Amino acid sequence: MADTLTPVLSDNWDQIRSWQLSSYQRSGGYDALRKALAMQPADVVATVKDSGLRGRGGAGFPTGMKWSFIPQDNPKPKYLVVNADESEPGTCKDIPLMLASPHTLVEGVIIASYAIRASVAFIYVRGEVLHVVRRLQQAVQEAKDAGYIGQNILGSGYDLDVVVHAGAGAYICGEETALLDSLEGRRGQPRLRPPFPAVAGLYGCPTVINNVESIASVPVIIKNGADWFSSMGTEKSKGMTLYSLSGHVTRPGQYEAPMGITLRELIDLAGGVREGHELKFWTPGGSSTPLLTSEHLDVPLDYEGVGSVGSMLGTKALQIFDDSVCVVRAVLRWTEFYKHESCGKCTPCREGTWWLVQILERLEHGKGTEEDLVTLLDLCENITGRSFCALADGATAPIASSIAHFKDEYLAHFENGGCPFDPMASTVFATAGASA
Amino acid sequence: MAENHTTATDKTVPYSTGDSKITDATIAEMREIAARYPVARSALLPMLHLVQSVEGRVTPEGIEACADVLGLTGAEVSAVATFYTMYKRRPVGDYHVGVCTNTLCAVMGGDLIFDRLKQHLDVGNDETTEDGKITLEHLECNAACDYAPVMMVNWEFFDDMTPESATQLVDDLRDGNEVKSPRGATICTWREAERVLAGYADGRADEGPTGGKATLAGLRLARERGWTAPGGSSNADTQKED
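Residues numbered from 1 in each chain as written. Chains lettered and ligands numbered in written order. Predicted model: local features only at pLDDT ≥ 70, side-chain atom pairs only at ≥ 80, totals over all residues. Heavy atoms only, no water.

Visitor: Go over the overall build of chain A, please, and point to the residues and values.
Guide: Within chain A, the regular secondary structure consists of 18 helices and nine strands. Scaling as 2.2 N^0.38, a compact globule of 436 residues should have a C-alpha radius of gyration of about 22 Å, and chain A matches this with 22 Å. C-alpha extents for chain A along the principal axes are approximately 75 × 45 × 40 Å. Sequence separation of 24 or more characterises 70% of the internal contacts of chain A that already satisfy a separation of 6 or more. Surface exposure of chain A reaches about 14300 Å², of which carbon and sulfur atoms provide 51%. Measuring between centres, the 37 positive side-chain charges of chain A sit 7 Å from its 50 negative side-chain charges. (Helix = DSSP H or I, 4+ residues; strand = E, 2+ residues; numbered from the N terminus. Rg over C-alpha atoms; globule rule 2.2 N^0.38 Å. Contact = heavy atoms within 4.5 Å. Areas by Shrake-Rupley, 256 points an atom, 1.4 Å probe, with all protein chains shown as cover. Lys, Arg positive; Asp, Glu negative; His and termini not counted. Charge placed at Lys NZ, Arg CZ, Asp CG, Glu CD.)

Visitor: Account for the domain arrangement of chain B, naming residues and giving values.
Guide: Quoted interface sizes are often the accessible area lost when the parts come together. Residue and element names in this part refer to chain B. Split by domain assignment, chain B resolves into domain 1 (1-91) and domain 2 (95-189). Placing a centre on the C-alpha atoms of domain 1 and another on those of domain 2 gives a separation of 29 Å. Counting residues at the interface gives four residues for domain 1 and six residues for domain 2. When the two sides are added together, the surface that domain 1 and domain 2 hide from each other amounts to roughly 340 Å², 40% of it contributed by carbon and sulfur. The three residues of domain 1 that bury the most area against domain 2 are M86, K88 and R90, which together make up 81% of that side's buried surface. Counting the contacts that link domain 1 with domain 2 gives three salt bridges. (Domains from an automatic or database assignment. Buried area = accessible area lost by both parts, 1.4 Å probe. Salt bridge = Lys/Arg side-chain N within 4 Å of Asp/Glu carboxyl O.)

Visitor: Tell me about the packing of aromatic side chains, and name the residues and values.
Guide: For the structure on display, the rule yields 16 aromatic pairs over all chains. Between A:Y24 and A:Y30 the ring centres are 5.4 Å apart and the planes differ by 85°, which places this aromatic pair in the edge-to-face class. Taken as a pair, A:Y24 and A:Y30 share a single burial class, namely buried. Note on A:F281 and A:F406: the rings are 5.9 Å apart at their centroids and 65° apart in plane angle, and the pair reads as edge-to-face. Of this pair, A:F281 sits in strand 7 (residues 279-283) while A:F406 is found in helix 18 (residues 391-416), placing the two residues 125 residues apart along the sequence. The class for A:F406 is buried, based on a relative accessible area of 14%. Members of the aromatic cluster, each reached through a chain of ring pairs, are A:Y79, A:F122, A:Y203 and B:Y37. B:R36 extends its terminal NZ or CZ atom over the ring of B:Y200, reaching a point 5.5 Å from the ring centre. (Phe/Tyr/Trp six-rings, centres within 6.5 Å; stacked < 30°, edge-to-face > 60°. Buried < 20%, exposed > 50% of the residue type's maximum accessible area, 1.4 Å probe, protein only. Lys NZ or Arg CZ within 6 Å of the ring centre and 35° of its normal.)

Visitor: Explain the sheet that holds strand 4 (residues 207-211) of chain A residue by residue, including any values.
Guide: Two pairing modes exist for strands in a sheet, parallel and antiparallel, and in both the strands are linked by backbone hydrogen bonds. Residue and element names in this part refer to chain A. A sheet is described by the order of its strands in space; here four strands give the open sequence 3-2-1-4, paired in parallel fashion. Lying at the two open borders of the sheet, with one neighbouring strand each, are strand 3 (161-166) and strand 4. When strand polarity is set aside, the average angle formed by the axes of neighbouring strands in this sheet is 20°. Across six bridges, strand 2 (residues 120-125) lies against strand 3 in parallel orientation. In the sheet register, V125 faces strand 3, and the bridge partner there is A166. (Pairing = 2+ DSSP bridges. Axes fitted to C-alpha atoms, helices over the stretch in contact; angles between N-to-C directions.)

Visitor: Which residues make up the packing of helix 15 (residues 327-341) of chain A against helix 16 (residues 347-364) of chain A, and what values go with them?
Guide: Residue and element names in this part refer to chain A. Orientation of helix 15 relative to helix 16, taken along the N-to-C sense of each, is 155°, at an axis distance of 9 Å. Overall, the two elements helix 15 and helix 16 adopt an arrangement that is roughly antiparallel. Judged by the twist between their axes, the crossing of helix 15 over helix 16 is left-handed. Judged by residue contacts, V328, R329, V331, L332, T335, E336, Y338 and K339 of helix 15 engage T353, W354, L356, V357, L360, E361 and E364 from helix 16. (Parallel < 35°, antiparallel > 145°, perpendicular 65-115°, else oblique. Left-handed = near helix turned anticlockwise from the far one by under 90°.)

Visitor: Summarise helix 2 (residues 44-55) of chain B; cite the residues concerned and give the values.
Guide: All names here are of chain B. Given a rise of 1.5 Å per residue, 12 residues ought to cover 16 Å, and the 16 Å separating the end C-alpha atoms of helix 2 matches this to within 8%. Among the 12 residues of helix 2, 12 are classified as buried, and the element is accordingly described as predominantly covered. G56, located one to two residues past helix 2, shows a positive phi value of around 80°. (Expected span 1.5 Å × (residues − 1).)

Here it is in structure tokens:
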């Protein structure tokens, strides 16, 4: 039985200048790269498969299996693309990881590229995080100077180039095929699948796209072995992972634990829900995962556990909202976000999110009717599953789940003739005596 | 693949139109950016960041320069430039000030901070103060929810904000006082930040800490209680950041 918290990815974050190569190497950095380069690429893939690592970007697809889909008999170049476009509301794990220890990611990039025999790897980082871009640029340069990136890496005969690429502000680029279009210098709009990126990805070539945390988990799996990794976690959700607590808890932040910890345990570690208040609703993995309530405090936070209560583990972005928050206001704001970020390619999403906002605005301002709720749910049904990508499905998740859990609160808005909540009460400065 | 150009074209770029500041040196840098990629068009996003660093916005001349370097039409480049929210058609001030108003930050105080700043600066969303110093914009989630309410200045983090600390921050920026991000560097200008995003390092990666309090919350607790992953930690007893 592992300890309650198991810092692995975050273990060097309290070291002096942990973002520099010298500090990373003092913590054993790049030992895993040496070990991997002495293995056959197929054995590196097998180790990651055996570890049970599943994609940490939300979908939970087995990472090693994704790598094994790259057709090695295809004569085209192969590419690794790291999705560092962290933008899902509530999600805030990859950014602190890249700020504190960019080399963990860079070492993972080199090992993963070697495993799939990629000649170039791209780190697509969202543009709105200047200091993260600086630290990634510096880490890649340090790795080049040390001979970890470039020609004949550590005498292995393997060549690799790594490019840090800054995006320009578009949530949709976190969707893997939209990210590829964006990386090709186009509008970030999702592609129809098949063909999947493993067959025809970047420039029509075989491509693996992985989340930052997935790739950053690779060095330690190679170093300590698949069995070590799979000794943590639950039956089908292996290893340790970063849980991000935000909102109305005493000590929000990053908590690295084995898969399957519960929210009750995490909130306890974070010092409890804001004093004088109670948990009202929460997201298990960002705003695109259906809302849960205090009924679900003991659900194991792994892929199966959260799935069994009708939501998704997603990015493990635990946004905690206490009883001062109006759920209609919260859902309206998320819906405005999806409307703004819809790329416009598919009609159900482009038009549907616009109508969702119209109806929710009416409800929040007390001008709705019970029939509006029926219309809203009908609209959700007509949007979900009818677009190229999951943005539209994400847009309907908070609406449908909030109506299921808090229908009375929606009704109270038009019985009350407006929102019954004081927006000041939910702020962090509500008790600090400050005012707007 | 067929419609892509595998190398940048050599076509001359007209740079001397209007008040554009795009020079031969800018064009040379655009070609340099294009050379980083297996297919030159991949350079378009960083090239548009470079245009903003030179012009203070995406200008028609900047669009034409990108188009000429990559062998695209101006319409193709415009289609891309108008898709992404970081590319600005109107001039941006020295400091781009963003307030997150996505749900979590909004309820934690972001809405009230944004209202206060609009009043204080006498501007609306995506508008610039008369002195050309500050452009105010409300932002979507910037991946720092554990520090809510969050603001960004030239895409550097400002954590745990209040209406008071927000007005103090913009006053300091307008007065030319040195301002540091609690998890980043001393604030540079928006144009300088855009140059870094184009891929030109500014040598400031070593400024700032490894992370803030929330970043280290779980790790500190694990250290206090002696919790580690199986096999222990090689870092638990070594020298720490403050």
